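# Observations on the model geometry
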Amino acid sequence: MPGASVATLPPAAASTTAPRKTSLAPERKYKCQFCNRAFSRSEHRSRHERSHTKERPFKCMKCRSTFVRRDLLLRHDRTVHAKDGGIPLHSDGKRRAGPKTRAVATPSKPAIAIDTATIEQQQMETSGDAIFDVEAAAMLVADLSRAGSYEGSNSMDYTSTNMEQTVTYPSGAIAIPQAQQVQWDNFMPHSISQAKAHSITSSTSGSFESQQSFSSSSTVQPHASQLLSISGQNCNGLVPALQSMINSLPRSGANTPVPQSPSVLSNANAGFKAPQVNSDDERNMILDNIRAHDTERAIPEGFRLPSQASLNRYLSTYFGHFHHHLPFLHPASFNPTQVSPPLLLAVLSIGALYAFDQDQAYLLHIGSKILVNQFLQHKENFSSRKVPLWTMQSSLLNMIFASWSGDPKGLEWACSIKSLLANMVAGNRYELKLRQEARGDQQPTRAEWVEDEGCRRTYYAVYIFFGLLTLTYNHTPAINFNEFEDLQLPSTEALWNLKVTDEASWKEQLANSTVATFMEAHDNLFQGEKIRYSAFATRVMINALFLEVWYHKRSPEALQDVVTEYKLRLALETWEKSLDLCEPEAVIIPLSAPHKGHPLLFNATAMYRNARARLEVDLKTVQEALRYHDSYEVAAAMSHARDRVKRSNEMLKVIQECYNCIETAVMQGVRWVARTSPTNWSVEHPLCGMDLMIILSLWLYRLEHDEEPATPEELAMYNKVRQLFERELDDPAYASQLSSVVAKLWGSMLDEVVVWGITRLIGESFRHHSQALVGYVDDIEASSNASTPSMISQGADEDSVY
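Keep in mind it's a predicted model, so treat the numbers as computed, not measured.

### A look at the overall build of the protein
Across its full length, the protein carries 31 helices and four strands. For the protein, with 802 residues in total, the buried portion stands at 57%. Of the contacts made within the protein by residues no fewer than 6 positions apart, 78% connect residues no fewer than 24 positions apart. Total accessible area on the protein stands at roughly 32,400 Å², and carbon and sulfur atoms take up 51% of it.

Now the structure itself:
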């Protein structure tokens, strides 16, 4: 096996049970004057110190962009200005090495000249039936964000606000001290912070000042508290300003120069039509509902209800891009004018994330939190049994928003109300059981079944979300699988979205549908008996198996308990075989993805791979470091976990799962996946894939550097992985550093386009990890505390407000 002559990991990772090659690490004698970091070369120290001084000495002579490092300037020039027809810059290394014999492909299309004044005059498309092409928007924004830093990008100086002091939750919620308000509170735009000195109760109508609604003939006129123009460069205004350009693009399909995939279809083909606000009168009804719920006038004065066009866009992106991954809402009965305002605002906040309107997303999120809090605080004789379903659904969406925001304060708030949400699920489930027992053998009506099924889906959605918190941050699960026992698993999506004309046809459909209970499915899996259930039920069961693996590995007797481990392996294998029996979903999902069937099956497979890996490798130190959202600490924990990755036959099975994970991205096209997966794939994929890519990179590192020779099986797997990255390994400098290439590629793929801020944190951590694998740790840019989400910093080539 090829090996690097010198490879240095951080000191804590240097020790290993396997003998290492006899090479001396260079002395780190160059110390940073601002912190305790030390480097073996002075230029590495200089680069690092720029993260403290914020100095950006390398300036582009063709635009206003500045950079921390010269290689970033070179990459910026290659990717942005090379297609302008000018002479590209060259690095010193390339000049010394002379011209390469390898042919360089020329750009296939000329650069697009963009007139910002013209863009600002583009009209919004307001048809409720037209779906917002988020995939095209993400790809376009990713390209434009690499065109250099925009004028005024540093003007986004978010100031702190005391708003969060008004949001206190009962049952042991953790209040966030004013002194600790950093990124989470500072994410508020100017309009909110300016209003903090005013009493919310002093102006009843002022808090809900209506914006001028958009019409098909009106131009874009965002309110000052929402979207700035491109000349002012809040990139949140980029997507709405480019709406007409995006709508003119062809839908993803044969006419779009991307890899072949299912085309982005209308929501009407997805078994349901996304709810819409049909007129300004309906928007005013929503406004009145919010006023009625905000009895204390606690929502800040800076809050503005989005225009009708924006409301419809957010509803389309939520039900078109997020809903399919966690379908606990019932689209057919989701009427924006009748649904509870806290739930509507929570839905709109996530829809705004997928539309890249980050400021608006945060405002809607805060509004929902405040309304839920008011309801809980003023509910006399509070009982978890009597809490309405919308309270749990709103809290769940708000916790999802906060947990994956990319900010530690959001995660801490979400964890502070975990017990409250778990208690509501338990109490509400008991009430559901009483309703069903009172009904006896009589079949429920369509309305009764929708109510019961909505409850079941919400309970399981909370269960899945808590499982993801355990997977990502090593948090103890707040709900045990014994909580569900005889609760039916979720039905098929076809039955959930079924359009029925009369009760007789409904009862016929219901009679033909057989749904197993949770414990029936659980027992079958552990007995090795395949069982048929829905796509949502498949996702629920793999969550249960993952949590049992987690409990097993945390047990003090885990090393001796070979019987339990055997049963877990059998259950996981049975679950995988049961995928072939999964109920076929006839509906077409409007998402581009390299898989067949429902996205829930794709998501469940990602968690299955992670569960298989956890039986062999425990990376809890990485997960615990991830809680605090420091990419350098996470990367250090990754490198320190090297000794946990053993070389054995069982490990080869885990490496095969790692290979399957990354093969999907490489075969589809890394750049295409990087730009489309944030809106089309669930956040579960980067979360589940983190452990797998750490294991793969460290296993490759051990093969490249251990004294012990590789076995034929290990060598075959190594070469199999290497073949995936032939293009990246063309440079002889990386010929023996496949481990670093894998980590670097995975990291760069995660933060190409950001919907959920946690993916940027993971991406930065993998880039630092890849540098550690080649023998040194270098500082690119100190932007580890970016929060959900930052379209301003989509690429590494432009200025970032963070």
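That was the structure; now back to the text.
### Topic: the packing of helix 17 (residues 446-473) against helix 23 (residues 599-614)
Describing two packed helices takes the angle between their axes plus the distance from one axis to the other. For the pair helix 17 and helix 23, the least separation of the axes is 12 Å and the interaxial angle reads 45°. With respect to each other, helix 17 and helix 23 are oriented oblique. Both helix 17 and helix 23 take part in a crossing whose hand is left-handed. The segment helix 17 lies against helix 23, with Gly467, Leu468, Thr470 and Leu471 engaging Met607, Asn610 and Arg614. When grouped by side-chain class, the residues that make up the contact of helix 17 with helix 23 number three nonpolar, three polar and one charged.

### A few points about the nonpolar core
Residues Trp404 and Trp756 are the most contacted members of the largest nonpolar core, which totals 172 residues. Core analysis: the next-biggest nonpolar cluster, separate from the first, contains six residues, Trp449, Leu495, Trp506 and Leu510 among them.

### Structural notes on helix 10 (residues 280-293)
What sets the pattern is the α-helix's 3.6 residues per turn: residues three or four places apart point alike. For helix 10, which comprises 14 residues, the first-to-last C-alpha distance of 20 Å matches the rise-based estimate of 20 Å (1.5 Å per residue) to within 8%. Along helix 10, the positions that sit buried rather than exposed are Glu282, Arg283, Ile286, Leu287 and Ile290. Projection of helix 10 onto a plane perpendicular to its axis shows the buried side chains occupying an angular sector of 150°, all on one side. Turned more than 90 degrees away from the buried face of helix 10, the exposed residues are Asp281 and Ala292. Contacts from the buried residues of helix 10 go to helix 11 (308-322), helix 12 (341-354) and helix 13 (358-377).

### Looking at the side chain of Arg612
Residue position: Arg612 is located in helix 23. A relative accessible area of 17% means that Arg612 is categorised as buried. Separated by 2.9 Å, the side chains of Arg612 and Tyr608 make a polar contact. Sequence-distant contacts of Arg612, defined by excluding residues within four places in its chain, comprise Leu572, Lys653, Val654 and Glu657.

### Comments concerning the packing of helix 17 against helix 21 (residues 535-554)
Look at helix 17 against helix 21: their axes get within 10 Å of each other, and the N-to-C directions meet at 40°. In terms of orientation, helix 17 lies oblique with respect to helix 21. Where helix 17 crosses over helix 21, the handedness of that crossing is left-handed. Residue-level contacts link Arg457, Tyr460, Ala461, Tyr463, Ile464, Gly467, Leu468, Thr470 and Leu471 of helix 17 to Phe536, Arg539, Val540, Asn543, Ala544, Phe546, Leu547 and Trp550 of helix 21.

### A look at the packing of aromatic side chains
Taken as a whole and assessed by the stated rule, the structure comprises 21 aromatic pairs. Ring centres 6.1 Å apart and planes at 75° place the aromatic pair Trp404 and Phe465 in the edge-to-face group. Of this pair, Trp404 sits in the loop between helix 14 (389-403) and helix 15 (408-416) while Phe465 is found in helix 17, placing the two residues 61 residues apart along the sequence. For Trp404, a relative accessible area of 1% translates into the label buried. Here a set of aromatic residues connected by ring pairs shows up, and it is made of Tyr318, Phe319, Phe322, Phe334, Tyr354 and Trp756.

### Observations regarding helix 14
Helix length check: helix 14 (15 residues) gives 21 Å between terminal C-alpha atoms against 21 Å at 1.5 Å per residue, within 8%. With 14 of 15 residues buried, helix 14 is to be regarded as a mostly interior element.

### A closer look at unusual backbone geometry
Its identity as a non-glycine residue notwithstanding, Asn474 has a phi of 60°, on the positive side. By secondary structure assignment, the location of Asn474 is in the loop between helix 17 and helix 18 (493-496). Judged by its relative accessible area of 8%, Asn474 is buried. Here Glu485, not a glycine, exhibits a phi torsion of approximately 45°, which is positive. Within the element layout of this structure, Glu485 appears in the loop between helix 17 and helix 18.

### A look at the pattern of salt bridges
Evaluation of the coordinates by the stated rule reveals 24 salt bridges. Between Glu650 and Lys653 there is a salt bridge, with its nearest N and O atoms 3.4 Å apart. Placement of both Glu650 and Lys653 in helix 26 (residues 649-668) is noted, with a separation of three residues, approximately one turn of the helix. On the basis of relative accessibility, which here comes to 31%, the residue Glu650 falls in the partly exposed class.

### Digging into the confidence of the model for the protein
A residue-level look at the protein finds 66% of positions with pLDDT of 70 or above and a mean pLDDT of 73. Within the model, the stretch residues 91-132 combines pLDDT values under 50 with 59 contacts to residues more than four positions away or in other chains. Below pLDDT 50 for its whole length, residues 145-270 participates in 301 contacts with residues either more than four positions away or in separate chains.

### Re the environment of Ala535
With respect to the secondary-structure elements, Ala535 resides in helix 21. Placed 67 residues apart in sequence, Ala535 and Phe602 show a C-alpha to C-alpha distance of 9.6 Å.

Conventions used here
- Residues numbered from 1 in each chain as written.
- Predicted model: local features only at pLDDT ≥ 70, side-chain atom pairs only at ≥ 80, totals over all residues.
- Heavy atoms only, no water.
- Helix = DSSP H or I, 4+ residues; strand = E, 2+ residues; numbered from the N terminus.
- Buried < 20%, exposed > 50% of the residue type's maximum accessible area, 1.4 Å probe, protein only.
- Contact = heavy atoms within 4.5 Å.
- Areas by Shrake-Rupley, 256 points an atom, 1.4 Å probe, with all protein chains shown as cover.
- Axes fitted to C-alpha atoms, helices over the stretch in contact; angles between N-to-C directions.
- Parallel < 35°, antiparallel > 145°, perpendicular 65-115°, else oblique.
- Left-handed = near helix turned anticlockwise from the far one by under 90°.
- Nonpolar A, V, L, I, M, F, W, Y, C, P; charged D, E, K, R; others polar.
- Core = buried A, V, L, I, M, F, W, Y, C linked by side-chain atoms within 4.5 Å.
- Expected span 1.5 Å × (residues − 1).
- Arc of directions from axis to C-beta.
- Polar contact = N/O pair within 3.5 Å; in protein donor to acceptor, adjacent residues only side chain to side chain.
- Phe/Tyr/Trp six-rings, centres within 6.5 Å; stacked < 30°, edge-to-face > 60°.
- Salt bridge = Lys/Arg side-chain N within 4 Å of Asp/Glu carboxyl O.
- pLDDT = per-residue confidence, 0-100.

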